[in-house]
Amino acid sequence: MAKWLHGNVVKVVQAIAGVSVHRARWILPLIPILSVSLFCLGLFTNFYLEADRVKLWTPQSSPVIENSQWIESESGFPTKTYPIHVLLHANGEDVVSVEAVDVLFQALSTFQNTQGYENLCGGGGQTTVGHHDHNNASASESESSSSIPECTILGITNFFDDDPNVFRQEVNTQQDLVRAISVYPLLPNGRIVQRGRMFGYRVESNDERNLVLGAQMLKLRLGLPESADTRTFEKLAIRNLLEFRNELILEPVSPFHVEVLSLDSYTNETERAVMNDLPLIPAMILIMFAFSCLVYYKKNQVQSSCLFLGIGAVLTVVFSLLTSFGLLFLIGVPFSSLTAATPFIILGIGLDDSFIITGAYQRTDPSDLIPTRIQNAIHDCGLSILLTTLTTVSAFSLGTMSRVPAMKNFYIYAATCVFVDFIYQISFFVALLYMNEKRKAQRRYDWLFCFKQKSTSSDSTFDDEASGSDFDTTSTAFERKGYKLLRWYCNLLEHYAAIRAGIIVVFITFACVSVYGGSKLRVAFDITSLVPSKSYINSFVSALESYSEQDAYTCTAFFRDVDFSSQVVQSQMNAYIDELVDLPQITSYPPHFWLQDFQNFTHASKNASLSSSTTNSSFEEQLDMFLDNDYYNVLYSNLIVRDTSTNGGGAMTESAVILSLDNIDLKNVRDQVSFLSSQEEISRHFDKTLQSLGVKTKPDRMPFFTFSEDYFMWEFYAVAVEELLLSTIASVLAVAVITFLFIPRISVLCIVMLSVIMIYMDVLGLMYWAGFSINPVTLIAILMSIGLMVDYVLHVVMRCFEHHKQQPIMTTSQENDVPKVHVDMYDCLSTIGISVMIGGASTVLSTIPLAFSTSEIFFSIFVIFFGFVMFSLMHGLIFVPAILASFSFHNDDTKTASEDEDESAQEVVMEEEDSSIRKETTAVTIMLAALHEN
């Protein structure tokens with residue numbers, strides 16, 4: 001099976017290479033035109049940059065997404081406002097001062113003077129306090145549904161009716177200010193004072209007056225209604241507030257700082273991070289141009305120097321990126337800040353195949369014709385580069401099964417790019433190699449190929465299809481130094497058994513230590529890592545964490561699709577809240593639960609006449625009387641939805657209650673995931689309970705559930721470890737299957753799998769020591785490394801195990817210098833080893849620009865990829881040779897003598913067939929090339 005697969009796969013690759021040689025003059029201009037055209041077509045037709053963190057990081061088919069859509073689109077709850085947060089601080093100093101409040105009013109005026117404010121907010125610029133976000137306590141203090149404000153303000157300005165003139169009239173001294181802002185618990189207009197949402201860390205008096213004597217931060221929340229003009233106005237308002245912030249920074253006498261944040265800030269700043277990092281791509285391409293030229297450059301050999309081929313190797317990968325991106329743009333696969341890292345990775349690993357093909361060509365017989373040498377080179381390395389491509393593509397393809405959209409899209413881009421790069425390597429780059437060799441055969445100068453080198457008396461004739469000898473008999477500086485280093489290492493392994501054993505022990509010990517570090521990794525994701533390092537978002541988050549108490553997480557329990565007048569339903573609602581409160585993440589019963597207050601209201605005994613009226617009234621009439629109470633109306637009008645249509649009769653259709661998750665550490669992912677799982681189990685339990693009690697509900701959705709905007713990211717945390725384990729197992733199994741399918745040797749499989757597992761552990765340990773956590777970025781880097789880290793090991797192992805079937809490249813004198821048992825390993829490292837070294841160096845160089853990214857996300861990728869490339873190279877060039885030098889793997893124990901003889905005879909027959917096919921293919925290629933020239 002393996003022999004048949006080897007033969008046919010190599011034949012297909014050779015056929016593509018043969019056509020590329022024949023049609024080189026057509027392929028070389030066609031592929032650039034095709035790739036650029038596809039990229040431009042996709043970019044200007046269906047390109048879409050996705051920056052919404054909810055759409056990117058929330059797992060698909062999550063119930064949180066379904067519940068969110070119901071709340072926003074189907075429910076009757078008031079539309080939530082789009083918040084703009086303004087913070088004022090003085091680097092930890094007291095900001096309860098007339099000057100500080102005046103600056104905050106200036107920020108409010110900047111917001112209100114933004115173009116479009118009158119149309120969006122109305123009322124001549126007058127705003128009232130209200131808040132319709134169901135996920136925080138202020139939702140319960142909103143205005144009644146009959147007078148829902150268009151714009152809302154929540155902050156210290158509420159004490160002065162949000163009017164700077166009122167503030168300046170009432171406040172002249174510090175005592176006036178303290179007295180005005182210490183009103184508690186209700187404002188004169190009846191609205192509830194929320195000091196935690198108005199002040200940061202504060203100092204209060206110890207007497208019954210409870211005066212606010214000082215604070216490290218003042219807060220202001222500006223709510224925008226949902227409309228077609230909201231997002232446009234929000235951008236303008238943020239721009240104006242940032243200009244005001246910068247002006248305040250430039251004032252040398254002002255100690256105050258203003259920080260701002262809006263709902264779309266993360267999206268806008270993520271897009272800006274992508275745009276800021278785009279210049280890194282041409283910088284990376286220039287670096288790879290320089291490196292590739294350095295690899296192919298030969299001093300004092302103008303004709304045989306191959307700078308033209310080095311540039312072509314980089315362009316091959318660039319064109320594969322353009323083609324892949326263009327195709328994916330056309331079919332509508334979203335682009336994100338994460339997929340922006342793809343070019344850096346693909347350019348590094350894509351050049352590996354170019355170096356390996358070139359190295360294989362150099363090892364062919366210089367006396368053969370160019371097409372023959374290319375066919376022999378592809379026969380030598382085609383299976384190797386195909387195998388590594390398949391393992392990488394399979395690992396990436398399995399990644400597309402991820403439920404996290406950002407990760408899924410990244411893997412789609414990466415898998416497509418790797419596959420297209422392989423096709424271009426055996427077509428476009430092979431055509432470049434052929435034309436470059438023809439240039440040398442015609443003695444044309446590199447780059448200046450229009451000019452020929454002056455011929456001597458010995459150069460009276462030459463064949464266009466003959467090879468130039470300089471390329472083959474001389475090596476570049478990289479190759480010479482690499483050859484000496486690898487030869488020295490081979491001799492070291494041969495003569496010192498203790499060194500072999502020491503290397504193996506050191507590698508295994510380091511992997512074991514890394515396992516310990518990997519076990520300490522925690523799941524966490526700081527959304528600010530996606531934005532530029534100098535973004536105003538980072539300043540906002542830093543100030544909020546430094547000068548204010550962290551607001552506790554909140555969630556909202558929703559009730560729907562039930563008869564709220566039923567005593568059974570009401571009993572189950574109370575039980576549902578009781579079970580939620582029993583969870584360790586909630587320490588107190590919700591202070592405002594409409595059902596509790598409603599039941600107390602209807603059963604009140606202190607007002608006999610009211611009690612009598614409520615006793616004989618229907619549920620809807622009792623609810624009317626309950627909401628006629630001003631206090632309850634302020635608390636619950638936005639948490640109770642009623643059918644006010646003619647046929648509805650005022651029946652309650654939905655309701656909600658807000659719970660404080662006050663015992664969840666803001667940075668403890670385990671607590672967050674635990675609560676998310678527990679509340680979902682409770683909701684499912686009550687769904688089954690209601691059905692068992694005969695309560696009619698709508699199918700396929702739970703009548704009781706909780707929701708919070710934080711659930712979107714918690715859902716990712718919940719699946720992160722599971723995705724890591726499943727994807728790792730699937731990727732490792734895929735690599736194992738593909739490896740064994742092409743190289744059916746247990747010994748090869750053991751070496752490859754041992755190396756992959758050790759490298760994987762080393763990368764996890766590096767993450768721990770670098771202070772990283774498991775998040776979408778590092779998760780992708782880890783899973784990607786499974787497909788890529790095996791490449792260098794596979795190249796070396798495959799070359800070592802297959803080399804004994806081929807003609808050794810060493811001369812007799814060289815073999816005499818090396819013990820016979822290690823001739824294959826020596827030949828392997830002195831051939832493919834040098835190409836692997838150069839390929840590894842190119843991968844490291846391609847990721848270096850990521851270290852200069854404006855966001856932490858790319859820096860994380862740089863560190864992880866640098867680690868995995870170095871670990872892979874060390875395992876492929878140090879650990880694997882030490883294993884091969886210590887044990888003999890060429891003869892599998894499972895084979896009998898007769899099987900070996902049969903296999904040897906079969907190999908001879910297949911080798912003769914392959915040789916015949918190569919000769920026929922080469923002859924046809926030469927003939928077609930000659931006809932084409934004529």
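Refer to the structure above for everything that follows.
Treat the numbers as computed from the prediction; the structure is a model and nothing was measured.

*Asks:* Help me out: how do you make sense of the overall build of the chain in this one?
*Replies:* Looking only at helices and strands, the chain features 33 helices and ten strands. Within the chain, residue pairs in contact and separated by at least 24 positions form 79% of the contacts whose partners lie at least 6 positions apart. Surface summary for the chain: the accessible area is close to 39,700 Å², and the carbon and sulfur share equals 57%.

*Asks:* Hey, could you run me through the packing of aromatic side chains in this one?
*Replies:* To describe a pair of aromatic rings, one takes the distance between the centres and the angle between the planes. For the structure on display, the rule yields 51 aromatic pairs. Ring geometry for phenylalanine 510 and tryptophan 769: centres 5.8 Å apart, planes at 55 degrees, overall tilted. Within this pair, whereas phenylalanine 510 is found in helix H19 (residues 497–519), its partner tryptophan 769 is found in helix H28 (residues 746–769), the two being separated by 259 residues in sequence. By relative accessible area, tryptophan 769 is classed as partly exposed at 43%. Aromatic pair tyrosine 553 and tryptophan 714: ring centres 5.0 Å apart, planes at 85 degrees, arrangement edge-to-face. Note that tyrosine 553 is positioned in strand E7 (residues 553–560) and tryptophan 714 in helix H27 (residues 711–742), a separation of 161 residues in sequence. Tryptophan 714 gets classed as buried once you look at its relative accessible area, which sits at 2%.

*Asks:* Before we go on, may I ask you to explain the sheet that holds strand E8 (residues 640–642) in this structure?
*Replies:* Sheets are built from strands that pair by backbone hydrogen bonding, the pairs being arranged parallel or antiparallel. On the basis of which strands lie adjacent, the open sheet formed by four strands has the order E8-E9-E7-E10 and antiparallel pairing. Among the strands making up the open sheet, the edge pair consists of E8 and strand E10 (704–707). Taken pair by pair, the neighbouring strands of this sheet meet at an average axis angle of 20 degrees, ignoring direction. Two elements, E7 and E10, share four bridges in a ladder whose sense is antiparallel. Across the sheet, the residue bridging to alanine 557 is threonine 706, located in E10. Taken strand by strand, helix H24 (residues 619–628) contacts E8 and strand E9 (652–661), and its axis lies near 130 degrees from that of E8.

*Asks:* Just to check I follow, could you spell out the state of the cysteines for this structure?
*Replies:* Linking two cysteines covalently via their sulfur atoms produces the bond known as a disulfide. Taken as a whole and judged by the stated rule, the model has one disulfide. Covalent S-S linkage joins cysteine 121 and cysteine 151, the inter-sulfur distance amounting to 1.7 Å. Here the disulfide of cysteine 121 and cysteine 151 is left-handed, its torsion about the S-S bond being about -65 degrees. Taken as a pair, cysteine 121 in helix H6 (residues 117–121) and cysteine 151 in the loop between H6 and strand E2 (152–155) lie far apart in primary sequence, 30 residues in all.

*Asks:* I'm lost on empty space enclosed by the protein in this one. Help?
*Replies:* Empty space among the atoms can be located by rolling a probe the size of a water molecule over them. Enumeration over the complete set of coordinates arrives at seven cavities of 30 Å³ or more. Approximately 130 Å³ is the volume found for the largest cavity. Lining the largest cavity are 13 residues, and of these Ile349, Asp353, Thr389, Val418 and Asp791 lie nearest its centre. Mapped by element, the contributors of at least two residues to the lining of the largest cavity are helix H14 (342–362), helix H15 (370–399), helix H16 (405–441) and helix H29 (776–803). Ranked by residues supplied to the lining of the largest cavity, first place goes to H14 with four residues.

*Asks:* How should a nonpolar patch on the surface be read in this particular structure?
*Replies:* Taken together, the side chains of Leu41, Leu327, Leu330 and Ile331 define a hydrophobic patch exposed on the protein surface, amounting to about 350 Å² of accessible area. Within the element layout of this structure, leucine 327 appears in helix H13 (residues 307–330). For leucine 327, a relative accessible area of 38% translates into the label partly exposed.

*Asks:* Mind showing me how you'd approach the nonpolar core here?
*Replies:* Soluble globular proteins tend to pack their nonpolar side chains together in the buried interior. Ranked by size, the top nonpolar core spans 211 residues in total, and within it Phe559 and Trp594 carry the most contacts. It is H16 that contributes the most residues to this core, 21 residues altogether. Once residues within four sequence positions are removed from consideration, phenylalanine 559 is found in contact with Phe564, Met573, Tyr576, Ile577, Phe593, Thr653, Glu654, Ser655, Val657, Pro703 and Phe704. Core analysis: the second largest hydrophobic core is formed by 59 residues, Leu108, Phe159, Phe167 and Leu242 among them.

*Asks:* Please explain the pattern of salt bridges as it appears in this structure.
*Replies:* Where side chains of opposite charge bring their charged atoms close, a pairing between them can arise. As enumerated under the stated definition, the model contains 16 salt bridges in all. Among the ionic pairs, aspartate 561 bridges to arginine 701, the shortest N-O distance being 2.7 Å. Linking aspartate 561 in the loop between E7 and helix H21 (567–581) with arginine 701 in the loop between helix H26 (669–692) and E10, this pair joins segments that are 140 residues apart in sequence. Neither aspartate 561 nor arginine 701 differs from the other in exposure class; each is buried. Beyond isolated ion pairs, a larger network of salt bridges with shared partners links Glu74, Arg560, Asp561 and Arg701.

*Asks:* Any chance you could explain the sheet that holds E2 here in plain terms?
*Replies:* With antiparallel pairing, four strands are arranged side by side in an open sheet as E2-E5-E1-E6. On the outer flanks of this sheet lie E2 and strand E6 (257–262), each paired with one strand and no other. Sheet twist, expressed as the mean angle between neighbouring strand axes with direction ignored, is 15 degrees. Contacts from helix H10 (residues 230–250) reach strand E1 (82–89), strand E5 (217–224) and E6 within the one sheet, and its direction differs from that of E6 by about 165 degrees.

*Asks:* So what exactly am I meant to see when it comes to the side chain of aspartate 791 here?
*Replies:* If you trace the backbone, aspartate 791 turns up in helix H29. The buried charged residue aspartate 791 lacks any salt bridge partner; its closest oppositely charged side chain belongs to arginine 363, at an N-O distance of 16 Å. At 3.4 Å, the side chain of aspartate 791 and the side chain of threonine 392 are in polar contact. In this structure, aspartate 791 is in contact with Thr388, Thr391 and Thr392, ignoring residues within four places of it in sequence.

*Asks:* What is the right way to read H16 from this model?
*Replies:* Think of an α-helix as 3.6 residues a turn; residues three or four steps apart then line up on the same face. Helix length check: H16 (37 residues) gives 52 Å between terminal C-alpha atoms against 54 Å at 1.5 Å per residue, within 8%. Its maximal kink placed at tyrosine 424, H16 deviates by approximately 40 degrees. For H16, a buried count of 31 out of 37 residues is recorded, marking the element as mostly surrounded by other parts of the structure.

*Asks:* Explanation requested: the packing of helix H12 (residues 280–296) against H14 in the structure shown.
*Replies:* Packed helix pairs are specified by the crossing angle of their axes together with the interaxial distance, meaning the distance between the axes. Their axes nearest at 11 Å, the elements H12 and H14 cross at an angle of 15 degrees. The angle between H12 and H14 places the two elements in the roughly parallel class. Seen along the crossing, H12 lies across H14 with a hand that is right-handed. Touching Leu280, Ile281, Met284, Ile285, Met288, Phe291, Val295 and Tyr296 of H12 are Pro343, Phe344, Leu347, Leu351, Ser354, Phe355 and Thr358, all from H14. Here the residues of the contact of H12 with H14 sort into 13 nonpolar, two polar and no charged.

*Asks:* Where do I start with unusual backbone geometry in this structure?
*Replies:* Trans is the prevailing form of peptide bonds, just as negative phi is the prevailing case for residues other than glycine. Residue proline 185 is reached from tyrosine 184 by a cis peptide bond, and omega for that bond is 5 degrees. Mapped onto the elements, proline 185 comes out in the loop between helix H8 (174–181) and helix H9 (195–198). Phi at aspartate 161 takes a positive value of approximately 60 degrees, unusual for a residue other than glycine. Looking at the element boundaries, aspartate 161 is found in the loop between E2 and helix H7 (164–170). You can call aspartate 161 partly exposed: its relative accessible area is 45%.

*Asks:* Can you help me understand the environment of threonine 58 in this one?
*Replies:* With respect to the helices and strands, threonine 58 occurs in the loop between helix H3 (53–57) and helix H4 (63–74). It is 9.7 Å that separates the C-alpha atoms of threonine 58 and valine 719, two residues lying 661 residues apart in sequence. For threonine 58, the contacting residues outside a window of four places in its chain are Arg53, Ile65, Arg403, Pro405, Phe712 and Glu715. For threonine 58, the side chain forms a polar contact with the main-chain oxygen of valine 54, separated by 2.9 Å.

*Asks:* Would you take a moment to explain the pairing of E6 for this structure?
*Replies:* A regular strand places its side chains so that they alternate between the two faces of the sheet. Of all six residues in E6, five are buried; the element is thus mostly enclosed. Summarising the sheet, E1 and E6 pair through six bridges and their orientation is antiparallel. Among the inter-strand pairings, isoleucine 84 is bridged to a residue of E6, identified as serine 262.

*Asks:* What is the right way to read the side chain of serine 62 from this model?
*Replies:* Tracing the chain through its elements places serine 62 in the loop between H3 and H4. Classification of serine 62 as buried rests on a relative accessible area of 6%.

*Asks:* Would you explain the environment of proline 334 in this entry?
*Replies:* In this fold, proline 334 is placed in the loop between H13 and H14. Spatially, the C-alpha atom of proline 334 lies 9.6 Å from that of leucine 56, the residues being 278 residues apart in sequence. Residues in contact with proline 334, not counting those within four places in the same chain, are Tyr48, Glu50, Asn409 and Tyr413.

*Asks:* When you look at the packing of H15 against H27 in this model, what are you seeing that I'm missing?
*Replies:* Where H15 meets H27, the closest approach of the two axes is 9 Å, and the angle between their N-to-C directions is 155 degrees. With respect to H27, the element H15 is oriented roughly antiparallel. With respect to the hand of their crossing, H15 and H27 are arranged in right-handed fashion. Residues Leu383, Leu387, Leu390, Thr391, Ser394, Ala395 and Leu398 of H15 form the contact with H27, whose own contacting residues are Ala730, Ser731, Ala734, Val735, Ile738, Thr739 and Phe742. For the contact of H15 with H27, a count of residues per class yields ten nonpolar, four polar and no charged.

Procedures and definitions
Residues numbered from 1 in each chain as written. Predicted model: local features only at pLDDT ≥ 70, side-chain atom pairs only at ≥ 80, totals over all residues. Heavy atoms only, no water. Helix = DSSP H or I, 4+ residues; strand = E, 2+ residues; numbered from the N terminus. Contact = heavy atoms within 4.5 Å. Areas by Shrake-Rupley, 256 points an atom, 1.4 Å probe, with all protein chains shown as cover. Phe/Tyr/Trp six-rings, centres within 6.5 Å; stacked < 30°, edge-to-face > 60°. Buried < 20%, exposed > 50% of the residue type's maximum accessible area, 1.4 Å probe, protein only. Pairing = 2+ DSSP bridges. Axes fitted to C-alpha atoms, helices over the stretch in contact; angles between N-to-C directions. Disulfide = S-S within 2.5 Å. 1 Å grid on protein atoms, 1.4 Å probe; cavity = no way out; pocket = protein on both sides within 12 Å on 5 of 7 lines; lining within 4 Å. Points joined across faces, edges and corners; volume = space filled by probe spheres on them. Patch = residues over 30% accessible without salt bridge, like charges linked within 9 Å, V, L, I, M, F, W, Y side chains within 5 Å. Salt bridge = Lys/Arg side-chain N within 4 Å of Asp/Glu carboxyl O. Core = buried A, V, L, I, M, F, W, Y, C linked by side-chain atoms within 4.5 Å. Lys, Arg positive; Asp, Glu negative; His and termini not counted. Polar contact = N/O pair within 3.5 Å; in protein donor to acceptor, adjacent residues only side chain to side chain. Expected span 1.5 Å × (residues − 1). Bend = angle between axes of the 7 residues up to and from the residue. Parallel < 35°, antiparallel > 145°, perpendicular 65-115°, else oblique. Left-handed = near helix turned anticlockwise from the far one by under 90°. Nonpolar A, V, L, I, M, F, W, Y, C, P; charged D, E, K, R; others polar.

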